[in-house]
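Residues per chain are reported as follows:
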Amino acid sequence: MTVVEIDAVYTKPFTTQALLIAPGQTTNVLVKADQSPSRYFMAARPFMDAPVPVDNKTATAILQYKGIPNTVLPTLPQLPAPNDTNFALSYNSKLKSLNTPQFPANVPLQVDRHLFYTIGLGQNPCPTCQNGTQLTASLNNITFVMPKVALLQAHYFNIKGVFRTDFPDRPLAPFNYTGAPLTANLGTSLGTRLSKLAFNSTIELVLQDTNLLTVESHPFHLHGYNFFVVGSGIGNFDPKKDPAKFNLIDPPERNTVGVPTGGWTAIRFRADNPGVWFMHCHLELHTMWGLKMAFVVENGKSPEESVLPPPKDLPPC
């Protein structure tokens, strides 16, 4: 397969026997039908390189040449092992923006605001739950609570008391994020807390996986934007050494990124789309547990740089 596009953005083409797709991501590939006419299996199975149980089934489809009877048995392709971390890291390192005059990679080179968010699982007391605790998830130890009034509605009409704009730019209590698993003091704080971004400011966000309960690869999706994946690594992000290795020439541009298990990912984007935009883990269970937050991007100076009013026929929530 020749990979040519990820999340609706062109990439430098490369050939591969297998693809890695995180929940929420898309990939376009080209396949040349130049093999001997027959029936060929395509196969897919989960990737999980953390001690988390998954439904490890293999799904299949058949690519069949015209004129070949259904009685011909296809052979199964060799897939990477379910926990093949090296394949995952190697595959992701091959993804690069096309970066041509027609399709440039406008990577922000100057950064106005540096953000560092830790991804954690946790447990909060719950008298009505089994064992008296409830599994939860958090960014910078804050578990997001969904409001009763839509965030964009509250922002546009300036409705007070729906959300706060004090989401911290970095964790309040730094620790060894990817050491031995932490199984005590797993409580999180609950809140509908957002981060306010100035219009057209450039943002660098480092997403850091942690060993709270267990490390795991989390697919993070940002609404309203594409971003550039300028770097990633295993272990704790080092703000002194790691930025020197960032790809600021042709990093992949996309809207969903898999943060490596026990590692970190750095993304950059320009906040030029005003409004309220969720950023969340694309594992549905984790999002339900509160593994999300939202950015309030302020209006610019002109109407073209401001949130549009709601349409007259917008049905109320």
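Our structure's up above, just so we're on the same page.
Residues numbered from 1 in each chain as written. Predicted model: local features only at pLDDT ≥ 70, side-chain atom pairs only at ≥ 80, totals over all residues. Heavy atoms only, no water.

> Mind showing me how you'd approach the side chain of Ser-38 here?
Inspection of the secondary structure assignment puts Ser-38 in the loop between β3 (27-30) and β4 (39-44). Exposure remark for Ser-38: the relative accessible area of 18% places this residue in the buried category. Setting aside its immediate chain neighbours within four residues, Ser-38 contacts Leu-63, Gln-64, Tyr-65, Ile-68 and Val-72. (Helix = DSSP H or I, 4+ residues; strand = E, 2+ residues; numbered from the N terminus. Buried < 20%, exposed > 50% of the residue type's maximum accessible area, 1.4 Å probe, protein only. Contact = heavy atoms within 4.5 Å.)

> For this particular structure, what's the right way to read the state of the cysteines?
Two cysteines joined by a covalent bond between their sulfur atoms form a disulfide. Tallied over the entire structure, the rule returns one disulfide. Shown here is the disulfide that connects Cys-126 with Cys-129, its sulfur atoms set 2.0 Å apart. Measuring the twist about the S-S bond at about 65°, one finds the Cys-126-Cys-129 disulfide to be right-handed. Of the residues examined, Cys-126 reaches a relative accessible area of 9% and is grouped as buried. (Disulfide = S-S within 2.5 Å.)

> Got a minute to help me understand the sheet that holds β3 in this structure?
Taken in spatial order, the three strands of this open sheet run β2-β1-β3, and their pairing is antiparallel. The sheet terminates laterally at β2 (9-15) and β3, the two strands that pair on one side only. For this sheet, the mean inter-axis angle between neighbouring strands, taken without regard to orientation, is 25°. Inspection of the sheet shows strand β1 (residues 2-6) paired to β3 by four bridges, in the antiparallel sense. Looking across to β3, one finds that Thr-2 is bridged to Leu-30. (Pairing = 2+ DSSP bridges. Axes fitted to C-alpha atoms, helices over the stretch in contact; angles between N-to-C directions.)

> Please clarify how the nonpolar core should be interpreted in this entry.
Nonpolar side chains in soluble globular proteins generally cluster together in the buried interior. Formed by 28 residues in total, the largest nonpolar core has its most connected members in Tyr-117, Leu-139, Leu-207, Phe-220, Phe-269, Met-279 and Phe-295. Considering every element that reaches this core, the biggest residue donor is strand β6 (residues 113-125), with four residues. Phe-220 has contacts with Ile-119, Leu-139, Leu-207, Phe-227, Asn-255, Thr-256, Val-257, Val-259, Met-279, His-280, Cys-281 and Leu-291, leaving out every residue within four places of it along the chain. Among the nonpolar cores identified, the runner-up in size contains eleven residues, and Val-206, Phe-228, Val-230 and Phe-237 belong to it. (Core = buried A, V, L, I, M, F, W, Y, C linked by side-chain atoms within 4.5 Å.)

> Help me understand the pattern of salt bridges, please; the structure alone is not making it clear to me.
Pairing of side chains with opposite charge becomes possible as their charged atoms draw close. Applying the stated criterion across every chain yields a total of eight salt bridges. The shortest N-O distance in the salt bridge between Lys-57 and Asp-55 comes to 2.9 Å. One exposure class covers both Lys-57 and Asp-55, and it is exposed. Put simply, Arg-193 and Asp-166 hold a salt bridge, and the shortest N to O gap is 3.0 Å. Placement of the pair is Arg-193 in the loop between β9 (189-191) and β10 (195-197) and Asp-166 in the loop between α2 (151-156) and β9, with a sequence separation of 27 residues. The class for Arg-193 is buried, based on a relative accessible area of 16%. (Salt bridge = Lys/Arg side-chain N within 4 Å of Asp/Glu carboxyl O.)

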